[in-house]
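Listed below, chain by chain, are the residues.
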Amino acid sequence: TAATATTTTSATTTLPTTAAIQNDIPESVLQYERQFRKVRASYRASKTNVNIRDHLHTIYSDEHVVVTNKPSGILCVPGVNKNRSLLDLVYEEYGDGR
């Protein structure tokens, strides 16, 4: 019966949730990780050669709407560093009002 009690106890033991684990991490470490992710994203955006042929995948367009499939790693709108974005590509392709 002692083995059964141990099994029952270990079966009901739960692991801490992600939120509980994050509560144990100091705020300064979380801030550092967030800033580091921003720096990595900025670096990726600056090193990507964004062009219409490779990155503008138009799903639908008419005289009022353009629907595209945004590739991963491409900015939606220009960032602080004015990196090329999906908005730039759409404007280059459809910006003349056609």
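Residues numbered from 1 in each chain as written. Predicted model: local features only at pLDDT ≥ 70, side-chain atom pairs only at ≥ 80, totals over all residues. Heavy atoms only, no water.

1. Quick look at the overall build of the chain
Argument step 1. Assigned secondary structure in the chain consists of 5 helices and 2 strands.
Argument step 2. Along the chain, from the amino end to the carboxyl end, the secondary structure elements read α-α-α-α-β-β-α.
Argument step 3. Sequence separation of 24 or more characterises 43% of the internal contacts of the chain that already satisfy a separation of 6 or more.
Argument step 4. Carbon and sulfur atoms form 56% of the exposed surface of the chain, whose accessible area is close to 8000 Å². (Helix = DSSP H or I, 4+ residues; strand = E, 2+ residues; numbered from the N terminus. Contact = heavy atoms within 4.5 Å. Areas by Shrake-Rupley, 256 points an atom, 1.4 Å probe, with all protein chains shown as cover.)

2. Remarks on the packing of aromatic side chains
Argument step 1. Under the counting rule described, the total for this entry stands at 1 aromatic pair.
Argument step 2. Ring geometry for tyrosine 32 versus phenylalanine 36: centroids 6.2 Å apart, planes at 10°, classification stacked. Note that tyrosine 32 and phenylalanine 36 are positioned in helix H3 (residues 27–47) at a spacing of 4 residues, about one turn of the helix.
Argument step 3. By relative accessible area, tyrosine 32 is classed as exposed at 59%. (Phe/Tyr/Trp six-rings, centres within 6.5 Å; stacked < 30°, edge-to-face > 60°. Buried < 20%, exposed > 50% of the residue type's maximum accessible area, 1.4 Å probe, protein only.)

3. Digging into the environment of valine 67
Argument step 1. In this fold, valine 67 is placed in strand S2 (residues 66–69).
Argument step 2. Sequence separation of valine 67 and histidine 57 is 10 residues, and the distance between their C-alpha atoms is 8.6 Å.
Argument step 3. With sequence-adjacent residues up to four places away left out, valine 67 is seen in contact with His57, Thr58, Ile59 and Tyr60.

4. Structural notes on the pattern of salt bridges
Argument step 1. A full pass over the atoms with the stated rule returns 3 salt bridges.
Argument step 2. The partner of arginine 34 in a salt bridge is glutamate 27, with the nearest N and O atoms 2.9 Å apart.
Argument step 3. Measuring nitrogen to oxygen at the nearest pair gives 2.7 Å for the salt bridge that ties arginine 84 to glutamate 92.
Argument step 4. Residue arginine 84 is classed as partly exposed on the basis of its relative accessible area, which comes to 34%. (Salt bridge = Lys/Arg side-chain N within 4 Å of Asp/Glu carboxyl O.)

5. Brief notes about the pairing of S2
Argument step 1. In this sheet, S2 lies alongside strand S1 (residues 57–61) in antiparallel orientation, the contact comprising 4 bridges. Paired with tyrosine 60 across the two strands is valine 67, which belongs to S2.
Argument step 2. A loop of 4 residues connects S1 with S2, the two strands running antiparallel in sequence. (Pairing = 2+ DSSP bridges.)

6. Brief notes about the environment of valine 77
Argument step 1. The topology assignment puts valine 77 in the loop between S2 and helix H5 (86–94).
Argument step 2. Taking the C-alpha atoms as reference, valine 77 lies 5.4 Å from leucine 87; in sequence the two are 10 residues apart.

7. Here's the deal with the nonpolar core
Argument step 1. With 5 residues, the main nonpolar core is built from Val50, Leu56, Ile74, Leu86 and Leu89.
Argument step 2. Those residues within four positions of leucine 86 in sequence are excluded, and the remaining contacts are His55, Leu56, Thr68, Lys70, Ile74, Leu75 and Cys76. (Core = buried A, V, L, I, M, F, W, Y, C linked by side-chain atoms within 4.5 Å.)

8. Here's the deal with a nonpolar patch on the surface
Argument step 1. Together, Ile59, Tyr60, Val65 and Val67 make up a nonpolar patch on the protein surface, roughly 360 Å² of accessible area in all.
Argument step 2. Structurally, valine 65 can be placed in the loop between S1 and S2.
Argument step 3. Of the residues examined, valine 65 reaches a relative accessible area of 38% and is grouped as partly exposed. (Patch = residues over 30% accessible without salt bridge, like charges linked within 9 Å, V, L, I, M, F, W, Y side chains within 5 Å.)

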